[in-house]
Amino acid sequence: MTEVFPAKTPTYLKTTTGQDFPVNRVFCVGRNYAAHAREMGANPDRDPPFFFTKWAETVLNSAPMDHLETPYPPQTASYHHEVELVVAIGRMGFEIPVDGAEDHIWGYATGLDMTRRDLQGVAKKMGRPWDTGKNVENSCPTGRLQPLAGHGHIHAGAISLQVNGETRQTGDIADMIWSVPEVIADLSKFYTLQAGDLIFTGTPAGVGPVQRGDVITCSIEGLPGLRVRIGA
Ligand code: MN
């Protein structure tokens with residue numbers, strides 16, 4: 001094979017065991033906490049979950065974790081934080097039943113689904129795709145990925161986000177409208193899930209804008225935290 005140009009290096013997530021997890025695709029769940037659905041002006045009913053996607057390369061997890069920085073992106077005046085539980089898929093599956101869904105999980109991490117909220121708002125109003133609002137370069141800073149082995153599944157626990165030390169988002173994993181197994185089961189009706197896929201499972205209430213120079217800290221009970229600075 002003669003490459004026209006060198007193929008890109010895959011995006012890797014650093015794990016707590018020192019391994020590197022190759023990221024395949026990024027799926028995100030919209031409105032999965034009732035209080036956040038309400039703050040976005042949506043009905044928090046238990047409608048089927050809906051999904052959007054981001055490129056694998058939006059995931060940002062470069063060492064050292066204490067100095068993660070994500071640039072402030074172009075074409076927005078309202079770059080919003082969304083802290084989320086990230087599920088890493090380790091085994092392929094299609095039409096996965098809810099009661100077998102956890103068997104497909106490799107591990108969990110704390111992540112950010114950073115969003116150009118102004119562009120997403122325009123897209124919603126015009127009935128257009130969300131891509132420029134959501135699929136933003138470097139928009140998914142993610143903490144170290146913790147394997148299931150030795151830690152177990154995450155069904156509940158506090159999830160929170162601070163900006164410059166001030167708490168902005170709080171919630172509990174147990175308050176998801178659609179649980180992680182239900183999300184995996186539903187998503188796998190549409191796609192054959194593959195090892196390396198990540199699922200961002202939705203954000204609790206309290207989303208808001210960040211400014212250049214802000215420092216975001218995220219925590220989910222039982223997982224490594226995430227600290228990220230918003231660059232220039
Ligand atoms: Mn989100």
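Below you will find a few notes about this structure. (Residues numbered from 1 in each chain as written. Predicted model: local features only at pLDDT ≥ 70, side-chain atom pairs only at ≥ 80, totals over all residues. Heavy atoms only, no water.)

### Overview of the sheet that holds strand β15 (residues 198-200)
Neighbouring strands of a sheet are bound in pairs by backbone hydrogen bonds; such pairs are parallel or else antiparallel. Across the sheet, six strands lie side by side as β4-β3-β15-β8-β9-β12; this open sheet has mixed pairing. Two strands bound the open sheet, and with one partner strand each, they are β4 (51-54) and β12 (146-147). Taken together, the two bridges between strand β9 (residues 105-112) and β12 define a ladder with antiparallel strand orientation. Bridge assignment links Tyr108 to a residue of β12, and that residue is Gln146. (Pairing = 2+ DSSP bridges. Helix = DSSP H or I, 4+ residues; strand = E, 2+ residues; numbered from the N terminus.)

### Re the sheet that holds strand β16 (residues 208-209)
Read from one edge to the other, the open sheet built from three strands follows the order β10-β7-β16, with strand pairing classed as antiparallel. Since the sheet does not close on itself, it has two edges, and those belong to β10 (115-116) and β16, each with one partner. As paired elements, strand β7 (residues 79-81) and β10 share two bridges and run antiparallel to each other. The residue bridging Tyr79 from the neighbouring strand is Arg116, located in β10.

### Description of the coordination of the manganese ion
In this structure, Glu82 (OE), Glu84 (OE) and Asp113 (OD) serve as the protein donors to the manganese ion, at separations of 2.0 to 2.1 Å. Positions of the donor residues of the manganese ion along the chain correspond to the pattern E-x1-E-x28-D. The pair formed by Glu82 and Glu84 is uniform in burial state, with each residue classed as buried. (Donors = N, O, S within 2.8 Å, 3.2 Å for Na, K, Ca; no water. Buried < 20%, exposed > 50% of the residue type's maximum accessible area, 1.4 Å probe, protein only.)

### What to know about the packing of aromatic side chains
In total, this model carries five aromatic pairs according to the counting rule given. Ring geometry for Phe50 against Trp130: centres 5.7 Å apart, planes inclined by 85 degrees, an arrangement best described as edge-to-face. On the criterion of sequence distance, the pair formed by Phe50 in the loop between α1 (34-39) and β4 and Trp130 in the loop between α2 (117-126) and α3 (131-134) is long-range, its members being 80 residues apart. By relative accessible area, which is 18% here, Trp130 ends up buried. With centroids separated by 5.5 Å and ring planes inclined at 55 degrees, the aromatic side chains of Phe52 and Trp130 adopt a geometry described as tilted. Separated by 78 residues along the polypeptide, Phe52 in strand β4 and Trp130 in the loop between α2 and α3 bring together distant segments of the chain. For Phe52, a relative accessible area of 10% corresponds to the buried category. (Phe/Tyr/Trp six-rings, centres within 6.5 Å; stacked < 30°, edge-to-face > 60°.)

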